[in-house]
Every structure is written in C-alpha cells, then in structure tokens.
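# Chains, contacts and geometry: an overview
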Amino acid sequence: MKKNKDKTMIELMKNWDWSTHTPAIKYVLDKYDIGMILEHGSGVHSTPLFIESGINYQGYEEDALFRLQMIEEGVYNDTQVEVMPMPKDVNIMQMFSELTDTQIEEIIFEYDKLYYEMQGEFLYIDKLKLLFVDGYTATRNLCINMWNTLFDIVIVHDTEPNSWEHYQYNFRNEYFKEHFNVISITTPVPYTSILIRKELDIDYDLIRKYMNEYCDLQCWSYDKMDIILG
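Everything numeric in this text was worked out from a predicted model, so none of it was measured.

Summed over the entire model, instances satisfying the criterion amount to 14 aromatic pairs. Centroid distance Phe50 to Phe132: 5.4 Å. Interplanar angle 65 degrees. Geometry classified as edge-to-face. You can see Phe50 sitting in helix α3 (residues 46–52) and its partner Phe132 sitting in strand β4 (residues 128–133), a full 82 residues away along the chain. Here Phe50 falls in the buried class, since its relative accessible area comes to 0%. Clustering of aromatic rings is evident, with ring pairs tying together Trp164, Tyr167, Tyr169 and Phe171. Seen from the ring of Tyr167, Arg140 lies directly overhead, with NZ or CZ sitting 4.1 Å from the centre.

Summed over all chains, the structure comprises 4 salt bridges. In this structure, the salt-bridge partner of Arg140 is Asp134, at a minimum N-O distance of 2.9 Å. What makes Arg140 buried here is its relative accessible area of 2%. You can call Asp134 buried: its relative accessible area is 18%.

A few words on unusual backbone geometry. Residue Pro190 is bonded to the preceding Val189 through a cis peptide linkage, with omega at -5 degrees. Here Asp89, not a glycine, exhibits a phi torsion of approximately 70 degrees, which is positive. Structurally, the position occupied by Asp89 is in the loop between β3 (81–83) and α5 (101–122). You can call Asp89 exposed: its relative accessible area is 66%. In this structure, Cys219 takes a positive phi of about 60 degrees despite not being glycine.

Time to look at the confidence of the model for the chain. Here the chain averages 92 in pLDDT, while 94% of its residues score no lower than 70. Taken as a whole, residues 1–5 scores under 50 in pLDDT and shows 9 contacts with residues more than four places along the chain or in a different chain.

On to the pairing of strand β1 (residues 34–40), then. With 7 of 7 residues buried, β1 lies mostly within the body of the structure. Taken together, the 6 bridges between β1 and β4 define a ladder with parallel strand orientation. By the bridge assignment, Ile37 is partnered in β4 with Leu130. When β1 meets strand β2 (residues 57–61), the two strands line up parallel, connected through 4 bridges.

Note on placement: Thr186 falls in strand β6 (residues 180–186). Under the relative-accessibility criterion, Thr186 is labelled buried at 11%. Here Thr186 is in contact with Tyr191, Lys224, Met225, Asp226 and Ile228, once residues within four sequence places are set aside.

Right, let's get into the packing of α5 against helix α6 (residues 140–147). Orientation of α5 relative to α6, taken along the N-to-C sense of each, is 40 degrees, at an axis distance of 10 Å. Crossing angle aside, the handedness with which α5 passes α6 is right-handed. Between α5 and α6, the contacting residues are Ile107, Ile108, Tyr111, Asp112, Leu114, Tyr115 and Met118 on the first element and Leu142, Cys143, Met146 and Trp147 on the second. Split by residue class, the contact of α5 with α6 holds 10 nonpolar, no polar and 1 charged.

What counts as what
- As a convention, each chain's residues are numbered from 1 in the sequence order in which they are written.
- With the structure being a predicted model, the display of local features is reserved for residues of pLDDT at least 70 and the display and counting of side-chain atom pairs for 80 or more, all residues being used for whole-chain, interface and lining totals.
- Heavy atoms from the whole structure form the basis of all side-chain values; hydrogens and water molecules are not counted.
- The pairing test for Phe, Tyr and Trp rings, Trp by its six-membered ring, is centres within 6.5 Å, and the orientation test on the planes gives stacked under 30 degrees, edge-to-face over 60, and tilted for anything in between.
- Segments assigned H or I by DSSP are reported as helices when at least four residues long, segments assigned E as strands when at least two residues long, and all are numbered from the N terminus.
- Relative accessible area decides the class of each residue, using a 1.4 Å probe on protein chains only: under 20% of the type maximum gives buried, over 50% gives exposed, and in between gives partly exposed.
- Counted as over-ring charges are cases with an Arg CZ or a Lys NZ within 6 Å of the ring centre that also lie within 35 degrees of the ring normal.
- Here, a salt bridge means any side-chain nitrogen of Lys or Arg that lies within 4 Å of a carboxyl oxygen of Asp or Glu.
- Confidence per residue, as judged by the predictor, is encoded in pLDDT with a range of 0 to 100.
- Contacts between residues were defined by any pair of non-hydrogen atoms, one from each residue, lying within 4.5 Å.
- Only when DSSP finds a minimum of two bridges between them are two strands counted as paired.
- Orientation is described by axes fitted as lines to C-alpha atoms, over the contacting stretch for helices, and by angles from 0 to 180 degrees between their N-to-C directions.
- A clockwise turn of the near helix away from the far one marks a right-handed crossing, whereas an anticlockwise turn of less than a right angle marks a left-handed crossing.
- Following the grouping adopted for this structure description, the nonpolar residues are Ala, Val, Leu, Ile, Met, Phe, Trp, Tyr, Cys and Pro, the charged ones are Asp, Glu, Lys and Arg, and the polar ones are all others, Gly among them.

Here it is, written out as structure tokens:
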C-alpha cells in the first residue's frame, strides 16, 4: 500500500480488516508466559502491542519503504524492526511458486541463516516463544515451515479459506497436526489462526473475551467473530 498524500499510513491502516488479529495477540500475551516474540511483517496494530508488552521482541520487515514509513510515523524505531534481506528484483507480493529457482535459493539462504542465528539466541530463553506471521505473499509459508520448530505458538493472519491458495498455507498437514493444535478466529475477513503446541492448555473463554471486546470496539454483534478448530 502506497502512502496517500492526504493520509498517513497509520490512518490508512486503521480499518478493521487490518486489525482482526488483535484478539489472538491479546489472548496469547495474557494466557502464556512468553519470553520471546518474533514478528514476520510489521504493522500499525500488531507491532505496538508486542513492543508495549515489555517482552523481548524482534521484528522483521521485507518492505524497506514500508518500514521507513512506520519509523517516520513513530510506530516503531529502527532498532525494533530490521529489514529482512530479499534477493534483488524479487516481487514479494508474488506467490513463492512464481519465483525463479535462483530467487528461491537466495530467499531460503536468508531464512536459513536467520534460523541458526535465532537458534543460538533462543538457547538462553526458557520461556515460551511466539512467532507472528503477517508478511508478504512469497515468504509467509516458507517462514512458518522453516521456523516453526523454534516456536511454541505461531499466530498467522489472513487465513480465511480463499487465502489458502494465495499464501500457499499448509500448516494443516500431518506434521502440524501432530505437533500443534490449530484454532482459527473467524471474522468477515480476514481470519487469524493460532498454532499452539499440544502440551499447552487453551482457554477458550479467554479467547472469547478478547473477541467480544473487539466486537464492541467495532460495534459488531458477537456473532461476527467465531472460533473454529483444526
């Protein structure tokens, strides 16, 4: 989304469809003892929630111009969110399958490099680790598949059924079914899915509390948001 001459990016992103992940984020931060948050794709609504939580946080943004706008508008600073290196001339709005073999190899190299960096850092964190995924098309599923072993909880935005082919999500395959419970919070669009390690307890009443608060904020009836499993 390009910056409008009459509105800041913050104003443009205040629409409810940019913020439907907030009940999931608030639930996870309230319910679990999180020691590390990594955000793949920064935003007006999610990033401030993570930073204000006081939990160890690192954000990564693939769109350098968007990151610069967020810094200029005071959403976060240049140390809180880093640029995720992308190969030259890669259109990250594309599906992963549309990229060339060389581009895919270069992207995988960057994600693999960061994986091993995180692995070393996470050895010293004995609390739960949260990955939030709301980045661009070409890398969302790659991020989930390559990094999930480092995290106890993964929150993924834009998971309504008509987004599955676009983002190429596959976190309902047998591997994820074996290791995670998958909960999706539905709205008119977009949905938010929470992948939670099977050994962790889930408080559906608390999820509903934050869903209802969100409905109140948007002046919706409570049936505008629901929970589906699997």
